[in-house]
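Fold and geometry: a report
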Amino acid sequence: MGYGFPKQNKLCGSLRIAQFYREGKRFVAWPLRVTWAKADNETQVLIWAPKSLFKHAIQRNHLRRLMREAYRLNQALLDDAHYQIAFNYMDKEEQSFAVIEKAVQKALKKIAHEQ
RNA sequence: ACAGUAAACCGGUUUAUCGCGCCGCAAGGUGAGGAAAGUCCGGGCAGCACAGAGCACCGCAGCGGUUAACGGCCGUCAGGCAGCAAUGUUUGGUCCCUGCUACAGAGACGAGUGAUGUGAAACGAGCAUACUGCGGGCUGCAAUUCCAAGUAAACCAACGUAUGAGCGCUGCUCGCGUGAGUUGGAGGGUAGGAAGCGAGAGAGAAGCAUGGUAACAUGCUUUCCGAGAUUAAUGAUAAACGCUGCUUCGGCAGUACAGAACCCGGCUUAUAGGUUUGCUGUCUUC
């Protein structure tokens, strides 16, 4: 598993997303709220920065990009199984890449461990 | 030189590592802004509607020009306000008809008169909801078209079937058209894909020429430019340089506003720092 993050590894489709949020397991790795479930075919990831917390599109874009990079660089922490994972940003402040990367690492380790 | 004022423009750069969208068999190519923003005007484009008449309603308003169009832009006139000035800012159709003009005043548009007094205004008028001129069908790309999949032409209630329900025509009236359903309740299904969507007869850009005070128009030239996502690409990390402050000359701090979503022309708002030009005032030197 390399560092890539192509489009087929992104979770999309409103029905699947709604079902995933209903059934997935949740925990918090500040400043992220993580939802995850086992998947059959491929690991798919959803990244979300809410408009209610960040008014400007450029802030949301920036946070999404930081979370995406953090996942992309640390996805090797997962084992060989496949998952659906959602990272929801939940803090009111824009945190740095170092903080977000640490949170993503913690979350991925926890998912791999619980599995 | 300093201060002011009015315009125009720029909006970081480089390297390393990892990565994303679109196009392409591949090699490779290409990928945010001056405001992409607010969605306030105008136009293209799309769908629906459109026999006609009247009354409403909304927008604009010195004058002239410009444009695809505009409430924009350019030029210009008059009054008020700020400033020594350059300049900025603000107001600007009309009173024939309809109506309004508080308090005060004998009287407020009604007249027998109208000096004094009252009052913003005393027969003179001012104003808009009135009148005049011009413009306006409605809805917006979540438009619209196609493909695929799926469901419930079932149930309940009200009104109606030529004694005409309802619908459409602009909000209303007339009038016209249509002619058996319509409305509400409860419930069921879908929310995938493609086109629209960006190289087109471009309201593009740059340069030159001609006309015009200007906005702008016309013509010629060009190895000039060309995002197209859809849980939504255009990035992340590290370093160096540049720029701006402060400095004990070692350095330290800061480097804005902000992210396309059908496309254009404007307006408005946000913006670190910087560049250029015109004009005005003050001072100095020749």
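Coordinates for the structure precede this section.
So, here is what we can say about the structure in this document. Counting of residues starts from 1 at the beginning of each chain's written sequence and follows it residue by residue. By the order in which they are written, chains take letters starting at A while ligands take numbers starting at 1. Only residues with pLDDT of 70 or above have their local features reported here, since the model is predicted, and side-chain atom pairs are shown and tallied only from 80 upward, although totals for entire chains, interfaces and linings are computed over all residues. As a convention, hydrogens and water are excluded, and side-chain values are obtained from all of the structure's heavy atoms.

Next up on the list: the sheet that holds strand β2 (residues 32–38). A pair of strands is considered paired only if DSSP assigns at least 2 bridges between the two. Runs of E in the DSSP output that reach at least two residues are strands. Runs of H or I that reach at least four are helices, and both are numbered from the N terminus. The strand order across the open sheet built from 4 strands is β1-β2-β4-β3, with neighbouring strands paired in mixed fashion. Edge positions in the open sheet fall to β1 (25–29) and β3 (44–48), since each of these has one partner strand only. Across this sheet, the average inter-strand angle for adjacent strands is 15 degrees, counted without regard to direction. Note: β2 against strand β4 (residues 83–89), 7 bridges, orientation antiparallel. What sits directly across from Val34, in β4, is Phe87. The contact criterion used is simple: two residues touch if any of their non-hydrogen atoms lie within 4.5 Å. In this analysis, axes come from line fits to C-alpha atoms, helices being fitted only over the stretch in contact, and the angle between any two N-to-C directions falls in the range 0 to 180 degrees. Together, β2, β3 and β4 form the strand contacts of helix α2 (residues 57–74), whose direction differs from that of β3 by roughly 150 degrees. Against the sheet, helix α3 (residues 97–114) contacts β1, β2 and β4, and its axis sits at roughly 150 degrees relative to β4.

Let us now look at the pattern of salt bridges. Note on definitions: salt bridges are taken to be side-chain nitrogens of Lys or Arg within 4 Å of carboxyl oxygens of Asp or Glu. For the structure on display, the rule yields 2 salt bridges. Put simply, Glu69 and Arg68 hold a salt bridge, and the shortest N to O gap is 3.8 Å. Think of it in three bands: with a 1.4 Å probe and only protein chains considered, a residue is buried below 20% of the maximum accessible area for its type, exposed above 50%, and partly exposed in between. Assessed through its relative accessible area of 30%, Arg68 is described here as partly exposed. With a closest N to O distance of 2.7 Å, Glu69 and Arg72 form a salt bridge. In this pair, Glu69 and Arg72 are both assigned in helix α2, 3 residues apart and thus about one turn of the helix distant. Take Arg72: its relative accessible area is 22%, and that puts it in the partly exposed class.

Turning next to the nonpolar core. Ile85 and Phe87 are the most contacted members of the largest nonpolar core, which has 25 residues in total. Elements represented by at least two residues in this core include exactly β1, β2, β3, α2, β4 and α3. No other element matches α3, which puts 6 residues into this core. Leave out the neighbours within four places in its chain, and Phe87 touches Leu32, Arg33, Val34, Val45, Leu46, Ile47, Trp48, Met67, Tyr71, Val104, Ala107 and Leu108. Buried residues of nine kinds, namely Ala, Val, Leu, Ile, Met, Phe, Trp, Tyr and Cys, make up a nonpolar core once their side-chain atoms join them within 4.5 Å.

Tracing the backbone through its elements, the reader meets Asn88 in strand β4. Judged by its relative accessible area of 14%, Asn88 is buried.

This part covers the environment of Val45. Structurally, Val45 is set in strand β3. Residue classification places Val45 among the buried positions, given a relative accessible area of 2%. Expressed as a C-alpha distance, the spacing of Val45 and Gln84, which sit 39 residues apart in the sequence, is 5.8 Å.

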